[in-house]
Amino acid sequence: MLSAWGRVLAGPIVADRDFPPFDRAARDGYAVRAQDATSVPARLEVIGEIKAGDANGALSVRAGQAAAIMTGAPLPAGANAVVMVEHTALLSDPNAAKAAASGWGTLSQGSRDENTTTNKWVEIQRSVKAGENFVPRGSEARAGQILLERGSRLDHAGIAVLASVGEATIQVFRKPRVAVLATGDEIVEIDRNPGPAQIRNSNTYSLAAQVQRAGAEAVLLPIAPDEKERLRELIHEGLDADLLILAGGVSMGKHDLVEQVLGELEAEFYFTGALIQPGRPIVFGRCAPGRAGMSAPHKYFFGLPGNPVSTMVTFELFVRPMIEALAGAKGQPLIFLKARLTSDVRTKTGLKRFLPALLSGEFENADVELARWQGSGDIAALAASNCYLVVPPDRQQIAAGECVSVMMR
Ligand code: AMP
Ligand code: MG
């Protein structure tokens, strides 16, 4: 069952019985009839004790009576409320002038097994209303009710639901396979010594990590040079997966060939740019691999700009929702938090900006400040940041103290 964590449910999970399955005490105290405790102090006869796990068949609370009860135990017949032990005192004699001890009183002395509660008296010091301090049977869910929908991604709370209905083996959707293809003549594999003008391939790995976190399986392709023939070959390979992510080669440069090669493969483009920074040149479309004699199904692809921060941001904004859809998961909205800006920010207008930033503070005070960085290739600064500050396209300046939108990563 634990291996279902992070997976997407292929069918609904249904309550196998009422939740809770009995009227469940929510406090340690005394089960009473609320009508016996309307005027306080009220003195009630204690007829027994019910622990969590005890069946409640034997006890029945009648007028003028109470039963000691522990959190999680079933409410006895006749009772309709629980008075917290903090608001009671145990009496040895119903006519005692004043309560001897508060709470369980002498109950905790001697052996409880011998039903020391019988023939004792309890003083109720605060009135309760009917229904107070217990959870009625079936109030959380009725037997047969759907607790988790098909398409839910299972987090730890979902795992708790599976456990509570005894679903040890469940059906989940297959993880989508997502191919990652980095491009660029200057990019070398990480086990090579880069030449003076070369850089190591980080995008394949950061994207694969994001793919995995999104609940999909990453297929790592070799680096494509800025050369059509080989790029085409690798795109074909990538289109075997459920989704292909290309990184690099989608800008306006002379050697940015991704769009061109996809165009030659008769790709259909849904969009070829977004009014965001970083990430403006992003492309999204679909393409049939179209091998000779075979009619292959269309596959979706993204061409992400190669700057490491661009690939990371555009993945969160565009690719992750696509992976959720391919995984059979219900759409999840992107969540933006609010935090207080700690120092002024200046940007250019026209594009929605996602700037690496640091979120700090605690409880209701969230502070955010821009990461100090050298532009969109600064991987070290990115790794030290923990979120993106989102600047609307019409803002040139945001003053410290203002509440701003933050996208977590
Ligand atoms: P491009 O989108 O191809 O114009 O690349 C933009 C910038 O990102 C260039 O400085 C590239 O060197 C860099 N870049 C491209 N691909 C990668 C990669 N796989 N790993 C690290 N940096 C990259
Ligand atoms: Mg390039």
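Residues numbered from 1 in each chain as written. Chains lettered and ligands numbered in written order. Predicted model: local features only at pLDDT ≥ 70, side-chain atom pairs only at ≥ 80, totals over all residues. Heavy atoms only, no water.

Draft legend 1. The environment of Ile170, seen in detail. Mapped onto the elements of the fold, Ile170 is located in the loop between α1 (156-164) and β12 (177-182). Remark: the alpha-carbon pair of Ile170 and Gly103, spanning 67 residues in sequence, is separated by 46 Å. (Helix = DSSP H or I, 4+ residues; strand = E, 2+ residues; numbered from the N terminus.)

Draft legend 2. Seen up close, helix α3 (residues 228-238). Those residues of α3 lying buried are Leu231, Leu234, Ile235, His236 and Gly238. In this fold, the buried residues of α3 make contact with β12, β16 (243-247) and α4 (258-264). Among the residues of α3, the N-terminal cap falls to Glu227, whose side-chain oxygen and the backbone nitrogen of Glu229 are separated by 2.9 Å. (Buried < 20%, exposed > 50% of the residue type's maximum accessible area, 1.4 Å probe, protein only. Contact = heavy atoms within 4.5 Å. Polar contact = N/O pair within 3.5 Å; in protein donor to acceptor, adjacent residues only side chain to side chain.)

Draft legend 3. Expanded view of the site of ligand 1. In the vicinity of ligand 1, 15 residues are found, and the nearest of them are Glu186, Asn201, Ser202, Gly249 and Gly306. Side-chain polar atom of Asn201 to a nitrogen atom of ligand 1: 2.9 Å apart, as the coordinates give it. Within the side chain of Asn203, an N or O atom sits 3.3 Å from a nitrogen atom of ligand 1. A total of 490 Å² of accessible area belongs to ligand 1 in isolation, and the protein chains cover 79% of it. Judged by the fraction of its atoms near the pocket grid, ligand 1 is located in the second largest pocket. (Near = heavy atom within 4 Å. Areas by Shrake-Rupley, 256 points an atom, 1.4 Å probe, with all protein chains shown as cover. 1 Å grid on protein atoms, 1.4 Å probe; cavity = no way out; pocket = protein on both sides within 12 Å on 5 of 7 lines; lining within 4 Å. Sits in = over half its atoms within 2 Å of the grid points.)

Draft legend 4. A look at the sheet that holds β16. Here we have 6 strands laid out as an open sheet, ordered β15-β12-β16-β20-β19-β17, and mixed in their pairing. Two strands bound the open sheet, and with one partner strand each, they are β15 (217-220) and β17 (268-271). Mean inter-strand twist for the sheet, computed between neighbouring axes without regard to direction, equals 25°. Both β17 and strand β19 (residues 283-287) contribute to a ladder of 3 bridges, which runs antiparallel. Bridge pairing links Glu268 to Arg286 in β19. α3 contacts β12 and β16 of the sheet and is inclined by roughly 145° relative to β16. (Pairing = 2+ DSSP bridges. Axes fitted to C-alpha atoms, helices over the stretch in contact; angles between N-to-C directions.)

Draft legend 5. Broad picture of the nonpolar core. By size, the foremost hydrophobic cluster in this structure holds 30 residues, and its most contacted members are Val211 and Ile323. For this core, the elements supplying multiple residues, two or more each, are β12, α2 (203-213), β16, β20 (299-304), α5 (308-326) and β25 (387-391). Here this core takes 8 residues from α5, the largest share from any one element. Residues contacting Ile323, with those up to four places away along its chain left out, are Pro176, Val178, Val211, Ala214, Ala216, Leu243 and Phe315. If you look at the next biggest cluster of nonpolar residues, it comprises 21 residues, including Ala179, Leu244, Val250 and Val283. (Core = buried A, V, L, I, M, F, W, Y, C linked by side-chain atoms within 4.5 Å.)

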